[in-house]
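# Per-entry structural report
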Amino acid sequence: MLDRKKLSSAYFTKNKIVQHQIDSFDEFIGHGLQKVVDEMGIIETEIGDASSGTKTYVRLETVSVGHPVVKEADGAVDRLFPSDARLRNLTYSAPINLTMTVVQDGVESDPKSVEIGVTPIMLRSKACNLYGLTDAEIQSHGEDPLDPGGYFITNGTERVIMTLEDLAPNKIMTEMDHRYGDRVEIAKVFSERYGYRALTVVERGRKSILEVSFPSLPGRINFVVLVRALGLETDKDLVDAVSDDPDIREFMKENLEEAVNLGVFTQENALEELGSVVATRQAREYQTRRIGYVLDRYLLPHLGNSEEERMVKAHYLARMAEACFELAIGRRNVDDKDHYANKRLKLAGNLMEDLFRVSFNRLARDIKYQIERASMRKRELNIMTVIRPDVLTQRIVYPLATGNWVGGRTGVAQLLDRTDQISSLSHLRRVISPLSRTQPHFEARDLHPTQWGRLCPSETPEGPNCGLVKNFAQMVELSTGLEDTETIRNELHAYGVSAV
Amino acid sequence: MKQISAPKRISRIKFGLISPREYRNMSVTRIITADTYDEDGFPIDMGLMDPRLGVIDPGLRCKTCNGRAGECPGHFGHIELVAPCVHVGFAKQIRNLLRSTCRSCSRLLLDAGRKKEYIEQIAARRSQGQTIDSPVEYVFAEASKVEVCPYCGEHQLKITYEKPTTYYEDGDKQLPSDIRNWFEHIPDEDLPVFGIDPNNARPEWMILTVLPVPPVTVRPSIILQTGQRSEDDLTHKLVDIIRINQRFQENKEAGAPQLIIEDLWELLQYHVTTFMDNSVSGIPPARHRSGRSLKTLSQRLKGKEGRFRGNLSGKRVNFSARTVISPDPNLSINEVGIPEAIARELTVTFKVVPRNIEELREYVRRGPVNHPGANYVVRTDGHRLRISDTTREEIADMLEYGWFVDRHLKEGDIVLFNRQPSLHKMSIMAHEVRVMPGKTFRLNPAVCPPYNADFDGDEMNLHVQQNEEARAEAAILMRVQENILSPRFGGPIIGGIHDHITGMFLLTREKAIDKNSALEILRKSGVRDLPQPDYIEDGTPYWTGKQIFSQILPEGLNLEYNAEICEECDECKKENCPNDAYVVISNGELLCGTIDEKSIGAFKGKIVNKIVREFGTAAGAAFIDNMTNLAIRGIMYHGFSFGIDDEDIPKEAVKQIQEINKDAMYGKESIASLIDKYEHNELESLPGRSSEETLELRIMQILGRVRDEAGDKAGLHLGIDNSAVAMAVSGARGSMLNLAQMAACVGQQSVRGARIQRGYSGRTLPHFKKGDRGAEAHGFVQASYKSGLSPVEYFFHAIGGREGLVDTAVRTSQSGYLQRRMVNALQDLEAQHDGTVRDTRGMIVQAKYGEDGVDPSRGFDRYHIQRIVKDVMEAPE
């Protein structure tokens with residue numbers, strides 16, 4: 001038999017206990033920042049004319065993070081260690097440097113690395129000044145070698161970014177509801193891309209008619225109309241996309257009839273119909289433009305936001321429709337929302353990424369404004385002067401210091417509990433659920449068998465947060481989502497899967 | 001200021017609208033500038049802080065009433081709105097009126113006959129003291145449907161309303177001035193139909209032309225440490241209104257295009273709306289510069305922290321204290337231990353009269369620091385003097401008749417003691433003060449049940465009454481001893497708990513106690529004499545525990561009943577009960593039977609009940625005090641402990657329990673056979689159940705039986721001399737079920753009444769095969785707590801345990817809300833002297849209080865009747 005003692009002690013080396021926090025933050029510093037910068041790509045301005053190629057813009061290149069420093073009042077810059085940060089009420093943060101190239105009148109200037117702001121650094125992460133030091137060295141810097149790190153220091157206070165538990169995005173979930181005594185089968189998906197979440201719902205209402213709703217759309221729209229607008233034009237394509245099951249194809253007949261009643265036969269018809277829904281009482285031309293934008297931007301954004309992906313979206317909607325029908329005829333069950341396979345954890349790194357994305361967008365807007373202002377006043381464009389690092393810094397440090405995250409979530413960053421060593425460790429391994437604690441939510445509070453080995457069955461607070469606040473199990477290991485879709489695509493292709 | 005005359009009785013309250021003229025009349029000044037103070041810090045005339053609006057700065061006098069800050073109630077000003085604005089509070093009413101009156105002649109869209117009918121109906125309801133809401137609603141419903149005016153024949157257009165203050169007539173926006181004009185023409189005689197009294201209100205007054213400016217006392221500005229003034233939210237809002245009003249005026253005079261005028265009008269309407277209510281749907285709330293939304297008029301009134309719930313229904317009080325509670329069995333149940341630091345802070349006021357002047361002088365002399373001292377004196381001229389260490393001698397010498405002295409709380413004072421949630425009348429009781437060292441309130445653990453208190457960090461509140469009437473009322477009606485019997489079920493709510501019961505149980509089963517021990521046990525209960533010894537052995541006398549217990553029973557007490565430990569045999573052997581479960585008390589002597597929860601426990605104690613009813617509350621309190629002390633001595637004499645080895649059962653028993661388990665799983669009438677039957681569709685469904693439900697039910701039944709049988713098996717080996725058994729049997733704490741779980745088998749874990757079903761697809765945990773319906777796979781814990789649970793069992797147990805935790809957490813919040821709704825529904829009901837329960841209108845809710853007029857804590861109970869019957873039967877001819 002395996003010597004469990006050995007296994008346990010291997011897990012309880014001092015770094016293992018908050019490894020998830022540190023790994024996640026390292027991931028953010030290593031790839032997350034660059035990802036956010038790449039999403040933006042360039043900062044465009046209103047100066048110049050795109051058609052004549054004289055447009056002024058800034059190209060964003062590599063981003064890097066230094067080591068925590070303190071800027072003294074006399075301008076001196078010193079390496080900062082956590083103990084100093086705590087004692088002097090400083091923020092333990094390191095500068096973020098971004099290489100940028102200004103393109104003006106079609107002429108590229110030399111790329112320049114500029115400090116765009118600072119970000120708080122997680123203790124014991126790769127960017128931390130304590131990284132790689134021996135216990136004796138750590139001690140000489142006034143730090144406890146047994147302190148696990150995994151938290152931040154803002155204005156001298158130790159802050160933990162809580163791990164958030166959320167329903168898995170980009171996954172079709174089925175539900176059953178009742179509306180005026182009728183059974184309604186619902187297939188839902190939280191589609192997420194670049195921190196933007198859009199809930200898309202397909203439901204089978206009365207008479208088996210499918211309806212879809214997604215953001216920026218008032219009410220619900222007919223499924224067939226939407227899919228037709230996306231490019232699945234013929235009845236056959238449409239039905240084939242949904243299912244090859246004869247029972248389900250039967251249901252689809254009624255839906256196709258409904259589309260006939262609405263007078264929608266072609267993609268053009270469908271787009272017109274939808275246009276009148278999204279932009280009522282507007283010019284026809286605006287309506288078509290608007291519906292195209294809405295379909296690309298707000299419908300299932302995780303599949304992409306350009307016109308090419310419309311067909312993919314149509315097929316995805318067909319999958320959702322199939323799920324509804326399968327649920328209706330009892331071929332599948334309602335998804336268990338509390339099943340841990342349907343949950344995803346947002347760790348410190350993911351949350352910092354969200355924060356950085358919003359702050360960086362703000363910074364980009366500010367840079368754009370500053371460039372435009374500089375050009376209005378006929379000043380020479382100098383990238384150093386148009387960047388105000390405080391814009392970014394403020395927006396990163398403030399949420400961390402108060403816990404009020406972007407998107408209106410509160411309590412994300414909390415003051416590290418230092419009652420004793422154990423309470424600190426427990427705090428760093430805590431998972432919180434976004435469900436409101438004022439509602440009963442009996443099922444969400446239950447200990448679910450799938451939490452075995454992942455979350456502690458015993459440790460949960462008593463009182464209103466019972467079962468909503470959880471803690472990791474002793475030996476939990478977190479796997480991270482794969483960003484590299486290319487490899488998956490290739491792998492699937494090798495198995496003979498063809499693209500839509 | 002005017003002198004307040006004798007109190008008057010309010011006969012009725014009339015609600016109406018204030019007319020613009022009245023607004024102007026009550027106003028002390030028109031407000032025209034948005035500025036508040038000039039550079040020198042003086043309020044600007046006709047500005048928002050005009051000195052005529054009242055005073056808030058101490059030392060200044062009001063320009064209107066000449067009162068000082070605190071005396072002057074403040075005075076309204078007004079703003080003349082350039083264009084009329086809708087009052088949000090009446091937005092719905094305005095909509096209804098637009099729909100029910102003619103767009104041309106403004107008359108009610110009902111013919112004279114219908115109108116008369118409705119007016120009569122409304123008048124009838126009014127005279128009966130009923131609300132007139134429903135007939136008025138019918139009027140609106142009926143009149144809105146009319147398409148052609150019955151008077152002028154005008155065709156009516158469709159009125160649509162857009163939240164919060166916009167009205168359209170067939171898509172055309174109606175300006176407030178148009179609406180006001182429309183309403184002005186509604187004749188007075190049509191108004192009663194809408195429930196409006198034309199003498200008190202006119203519909204056009206729902207559209208404001210004059211905005212009253214609340215006095216500065218309503219919106220005081222605060223001065224920050226930096227010396228800056230920070231204005232109240234209302235003032236900020238008024239500034240906005242005046243600014244827009246001015247701009248509107250300028251644009252109007254300059255002849256600006258209609259589009260701009262309308263925009264400004266809308267902006268003014270927005271500010272007027274948010275001034276009254278900043279949480280109306282349809283518009284974004286007005287915000288402070290920092291992003292915080294402003295707290296305007298309706299926000300001040302609404303909700304838990306609003307004026308009504310926060311300041312009128314409930315308020316903060318003086319002369320109160322709060323701290324952690326801890327137990328002190330040496331106190332009487334009537335007492336409460338108070339830390340000296342609190343006693344020094346809380347005071348009772350006494351008037352100086354010849355009888356008490358020397359006593360009070362001594363308190364004053366002792367000053368505020370030495371405990372029974374005094375903090376303040378009030379002279380005859382009403383001036384309040386603080387007693388300090390330096391002035392105490394001087395003030396003591398000056399003390400005269402007619403002064404008042406605020407004396408420290410001291411030993412013997414009556415105070416009120418309370419623990420939230422105050423769910424019944426016993427949640428607030430009067431206690432006598434005992435000043436003690438320490439920082440916690442101390443109370444006798446026997447009074448925990450009525451407060452539902454324990455000592456795991458609970459805090460309680462204390463209130464000191466400030467006049468003699470209140471103290472007398474508390475001492476007579478609210479003392480702890482007056483509340484021993486609960487009116488809820490007519491039994492004692494105060495009595496022995498936990499160790500008291502175990503102690504009594506052990507003591508009254510004690511056979512031989514020597515003289516030393518007997519006296520020691522009785523020492524604290526104030527008994528000095530022993531009765532004749534039970535028997536004498538080798539020249540040393542011995543007493544029984546029953547004899548010792550009898551010493552604290554009052555003479556003349558007679559009782560006969562079955563104790564808690566009674567096993568309810570088919571034929572009761574009475575006095576010869578093998579378990580000594582038949583209690584006979586004759587003339588204050590316990591002849592046979594064991595004393596346990598049924599005799600002295602809170603909620604059950606028959607002896608407590610009887611003593612209180614027959615010998616009075618004082619005797620009851622004395623009995624509880626003595627009994628608890630005796631019980632504690634008794635348990636110490638016997639010695640009492642519980643450890644892991646008390647759960648030991650013999651090997652054979654363990655084997656037998658395993659046998660029971662195995663049998664239930666795989667035996668003849670087992671789960672395995674049930675599942676087999678189910679899978680072969682041979683299982684007979686119970687009526688009204690599917691076969692699957694039947695299977696679950698049957699399995700649950702079997703598993704329940706397994707636990708019980710295992711428990712019984714274990715119980716055979718655990719006798720009454722086992723501590724846990726003694727506690728369970730006597731009713732002190734725990735049950736035989738708990739013991740069975742510890743020693744034999746924990747049993748089935750459940751979530752919401754069913755076995756554990758959720759988890760992975762087709763199974764609860766990956767430890768099992770898919771589709772396994774067996775006991776282990778769905779949360780049956782075969783192990784006992786002592787033997788230890790397997791990991792899977794432990795996890796299922798945690799699942800079951802979590803449900804209980806969630807339940808308690810959710811229930812506490814729900815019961816608070818339930819309580820609030822009950823209080824709101826019942827608060828105005830009152831029991832009258834004639835025995836009826838009536839509401840404030842005098843309507844009878846209950847012809848007799850509680851339908852029988854009986855107070856269960858005082859009335860005859862069946863023991864009385866039994867006793868009377870017995871007395872009569874046994875009476876000598």
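Residues numbered from 1 in each chain as written. Chains lettered and ligands numbered in written order. Predicted model: local features only at pLDDT ≥ 70, side-chain atom pairs only at ≥ 80, totals over all residues.

## Details of the overall build of chain A
Put simply, the rule reads: To qualify as a helix, a DSSP run of H or I must reach at least 4 residues; to qualify as a strand, a run of E must reach at least 2; elements of each kind are numbered from the N terminus. A residue is called partly exposed when the number of other C-beta atoms within 10 Å of its own lies between 12 and 20, exposed at 12 or fewer, and buried at 20 or more, with C-beta atoms placed from the backbone. Note on contacts: residues are paired as contacts if their backbone-placed C-beta atoms lie within 7 Å.
The number of helices and strands found in chain A is 16 helices and 19 strands. In terms of overall dimensions, chain A has a C-alpha envelope of 80 × 75 × 45 Å along the principal axes. Evaluated residue by residue, chain A yields a buried proportion of 35% over its 500 residues. Within chain A, counting contacts between residues at least 6 apart in sequence, those at least 24 apart form 64% of the total.

## Observations regarding the overall build of chain B
Keep this limit in mind: Radius of gyration: C-alpha atoms only; globule rule: 2.2 Å multiplied by the number of residues to the exponent 0.38.
Across its full length, chain B carries 26 helices and 30 strands. Its C-alpha radius of gyration of 39 Å places chain B more than 25% over the 29 Å reference for a compact globule of 877 residues. A total of 877 residues make up chain B; the buried ones form 34% of that total. Relative to all contacts within chain B whose residues are 6 or more apart in sequence, the contacts with residues 24 or more apart total 67%.

## Considerations on the sheet that holds strand β18 (residues 513-514) of chain B
Residues and elements named next belong to chain B. Rules: Strand pairing is assigned whenever DSSP identifies at least 2 bridges connecting the two strands.
Here we have three strands laid out as an open sheet, ordered β18-β20-β19, and antiparallel in their pairing. At either end of the open sheet lies a strand with only one pairing partner, and these are β18 and β19 (535-537). With two bridges joining them, β18 and strand β20 (residues 540-543) adopt antiparallel strand pairing. In the sheet register, Asp 514 faces β20, and the bridge partner there is Tyr 542.

## What to know about the confidence of the model for chain B
To keep things clear, this is the line we draw: Along the chain, pLDDT gives the predictor's confidence residue by residue, from 0 to 100.
A residue-level look at chain B finds 99% of positions with pLDDT of 70 or above and a mean pLDDT of 88. Across the interface, the model reports ipTM at 0.89; the global pTM reads 0.80.

## What to know about helix α8 (residues 267-278) of chain A
Side chains that are three or four residues apart share a direction in an α-helix, a result of its 3.6 residues per turn. All names here are of chain A. Applicable threshold: To estimate the expected span of a helix, subtract one from its residue number and multiply by 1.5 Å.
Along its 12 residues, α8 runs 16 Å from first to last C-alpha, staying within 8% of the 16 Å computed at 1.5 Å per residue. Listed in full, the buried residues belonging to α8 are Ala 270, Leu 271, Glu 273, Leu 274 and Gly 275. Among the structural elements, β15 (221-222), α5 (223-230) and α9 (284-297) are those in contact with the buried residues of α8.

## As for the confidence of the model for chain A
Within chain A, residue pLDDT values average 87, and 98% of them lie at 70 or more. Per-element confidence in chain A is highest for strand β9 (residues 157-161) of chain A, whose mean pLDDT is 95, and lowest for helix α1 (residues 4-11) of chain A, whose mean pLDDT is 77.

## Comments concerning helix α11 (residues 348-376) of chain A
Taking 1.5 Å per residue as the helical rise, α11 of chain A with its 29 residues ought to reach 42 Å, and the 41 Å between its terminal C-alpha atoms agrees with that figure. Positive phi shows up at Lys 378 of chain A, right after α11 of chain A, with a value of about 60 degrees.

## Some points on the interface of chain B and chain A
Heads up, the condition is: Classification convention: Asp, Glu, Lys, Arg as charged; Ala, Val, Leu, Ile, Met, Phe, Trp, Tyr, Cys, Pro as nonpolar; all other residues, Gly among them, as polar.
Taken residue by residue, the interface counts 16 residues in chain B and 17 residues in chain A. Counting residues per element, the side of chain B that touches chain A draws most heavily on helix α25 (residues 791-826) of chain B, which supplies 10 residues. Tallied by class, residues from the side of chain B that touches chain A come to 10 nonpolar, three polar and three charged.

## Notes on the sheet that holds strand β11 (residues 374-378) of chain B
Residues and elements named next belong to chain B. What counts is decided by this rule: An axis is simply a line fitted to the C-alpha atoms; with a helix, the fit covers only the stretch in contact. Between two such axes, the angle follows the N-to-C directions and lies from 0 to 180 degrees.
Ordered by their spatial adjacency, four strands build an open sheet running β10-β13-β11-β12, and the pairing between neighbours is antiparallel. Since the sheet does not close on itself, it has two edges, and those belong to β10 (347-351) and β12 (384-386), each with one partner. Across this sheet, the average inter-strand angle for adjacent strands is 25 degrees, counted without regard to direction. Pairing of β11 with β12 involves three bridges; the strand directions are antiparallel. Bridging from a neighbouring strand, Val 377 pairs with Leu 385 of β12. Along the sheet face, helix α11 (residues 357-366) touches β10, β11 and β13 (404-408) and points at about 60 degrees away from the line of β13.

## Considering the pairing of strand β17 (residues 459-463) of chain B
All names here are of chain B. Burial of β17 is one-sided: the residues Met 460 and Leu 462 facing one way are buried, the residues Glu 459, Asn 461 and His 463 facing the other way are not. Examined bridge by bridge, strand β8 (residues 320-327) and β17 share five bridges and lie antiparallel to one another. Across the sheet, Ser 320 pairs through a bridge with His 463, a residue of β17. The pairing of strand β14 (residues 414-418) with β17 spans three bridges and is classified as antiparallel.

## Points about the domain arrangement of chain A
Where interface size is given, it is often the accessible area lost as the parts come together that is meant. Selection rule: What counts as a domain boundary in this text is fixed by an automatic or database domain assignment.
The domain architecture assigned to chain A consists of domain 1 (4-161 + 347-416) and domain 2 (173-340). Between domain 1 of chain A and domain 2 of chain A, the C-alpha centre-to-centre distance is 40 Å.

## What about the environment of Val 146 of chain B?
Residue and element names in this part refer to chain B. Turning to its location among the elements, Val 146 is positioned in the loop between α4 (133-145) and β2 (159-162). Judged by the 17 C-beta atoms lying within 10 Å of it, Val 146 is partly exposed. Measuring from C-alpha to C-alpha, the distance between Val 146 and Gly 601 comes to 72 Å, with 455 residues separating the pair along the chain. Excluding its chain neighbours within four sequence positions, the residues that come into contact with Val 146 are Leu 109 and Gln 156.

## Remarks on unusual backbone geometry
Peptide bonds are trans in most cases, and residues, glycine excluded, mostly fall at negative phi. All names here are of chain B. In this structure, the amide linkage connecting Gln 420 to the following residue, Pro 421, adopts the cis form with an omega of 0 degrees. In this structure, Met 46 is a non-glycine residue whose phi angle is positive, near 60 degrees. Mapped onto the fold, Met 46 is located in the loop between α1 (20-26) and β1 (77-86). At Ser 106, a position not held by glycine, the phi torsion is positive, near 65 degrees.

## Here we look at the pairing of β9 of chain A
Residue and element names in this part refer to chain A. Here β9 lies mainly inside the structure; four of its five residues are buried. Across three bridges, strand β8 (residues 152-154) lies against β9 in antiparallel orientation. The residue bridging Ile 153 from the neighbouring strand is Glu 158, located in β9. Hairpin geometry of β8 and β9 is characterised by an intervening segment of two residues between the two adjacent antiparallel strands and by a positive phi of about 45 degrees at Asn 155. Note: β9 against strand β17 (residues 413-415), three bridges, orientation antiparallel. Bridging across to β17, Ile 161 finds its partner in Ala 413.

## A closer look at the packing of α8 of chain A against α9 of chain A
Residues and elements named next belong to chain A. What counts here: Should an angle lie under 35 degrees it is considered roughly parallel, over 145 roughly antiparallel, and from 65 to 115 roughly perpendicular; all remaining angles are considered oblique.
In the contact formed by α8 and α9, the axes pass within 8 Å of each other and the chain directions differ by 90 degrees. On the basis of the axis angle, α8 is roughly perpendicular to α9. Contact residues: Leu 271, Leu 274, Gly 275, Ser 276 and Val 278 in α8; Gln 287, Thr 288, Arg 290, Ile 291 and Val 294 in α9.

## Description of the environment of Lys 163 of chain B
All names here are of chain B. By secondary structure assignment, the location of Lys 163 is in the loop between β2 and β3 (166-169). For the pair Lys 163 and Lys 668, spaced 505 residues apart in the sequence, the C-alpha separation amounts to 72 Å. In this structure, Lys 163 is in contact with Ser 281 and Gly 282, ignoring residues within four places of it in sequence.

## With respect to the packing of helix α16 (residues 515-523) of chain B against helix α19 (residues 606-638) of chain B
Residues and elements named next belong to chain B. The geometry of α16 relative to α19 is characterised by a closest axis approach of 7 Å and an angle of 140 degrees between their N-to-C directions. As judged from the angle between their axes, α16 and α19 are oblique. In contact with Ser 517, Glu 520, Ile 521 and Leu 522 of α16, α19 contributes Leu 630, Arg 633, Gly 634 and Tyr 637. Split into classes, the residues belonging to the contact of α16 with α19 amount to four nonpolar, two polar and two charged.

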